[in-house]
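Residues per chain are reported as follows:
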Amino acid sequence: MEWMQGLDAGWVTATPGLGRPAQLTALGNGVVPQQAARALELLAPPLGRCPHCRIR
């Protein structure tokens, strides 16, 4: 299931002491990185210039 979420192989499944049911729970409750990045792009306000900075 890691590859479907865009995670590297073993990101969850190679965690020592984590059984298969716990792995599936972790992956099922996880956030897909690409989805999180897109949500931030859509929801976060654009950063403006700092009024105290002189760099333009």
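Structure's up top.
Please read these numbers as outputs of a predicted model, since none were measured by experiment.

**Description of the environment of Leu 27**
- Along the chain, Leu 27 turns up in helix H1 (residues 20-29).
- Leaving out residues up to four positions away in the same chain, Leu 27 has contacts with Met 1, Glu 2, Gln 5, Leu 7 and Val 12.

**Details of a nonpolar patch on the surface**
- Residues Met 1, Trp 3, Met 4 and Leu 24 make up a contiguous nonpolar surface patch of roughly 470 Å² in combined accessible area.
- Its place among the elements puts Trp 3 in the segment before H1.
- By relative accessible area, Trp 3 is classed as exposed at 67%.

Rules behind the numbers
- Residues numbered from 1 in each chain as written.
- Predicted model: local features only at pLDDT ≥ 70, side-chain atom pairs only at ≥ 80, totals over all residues.
- Heavy atoms only, no water.
- Helix = DSSP H or I, 4+ residues; strand = E, 2+ residues; numbered from the N terminus.
- Contact = heavy atoms within 4.5 Å.
- Patch = residues over 30% accessible without salt bridge, like charges linked within 9 Å, V, L, I, M, F, W, Y side chains within 5 Å.
- Areas by Shrake-Rupley, 256 points an atom, 1.4 Å probe, with all protein chains shown as cover.
- Salt bridge = Lys/Arg side-chain N within 4 Å of Asp/Glu carboxyl O.
- Buried < 20%, exposed > 50% of the residue type's maximum accessible area, 1.4 Å probe, protein only.

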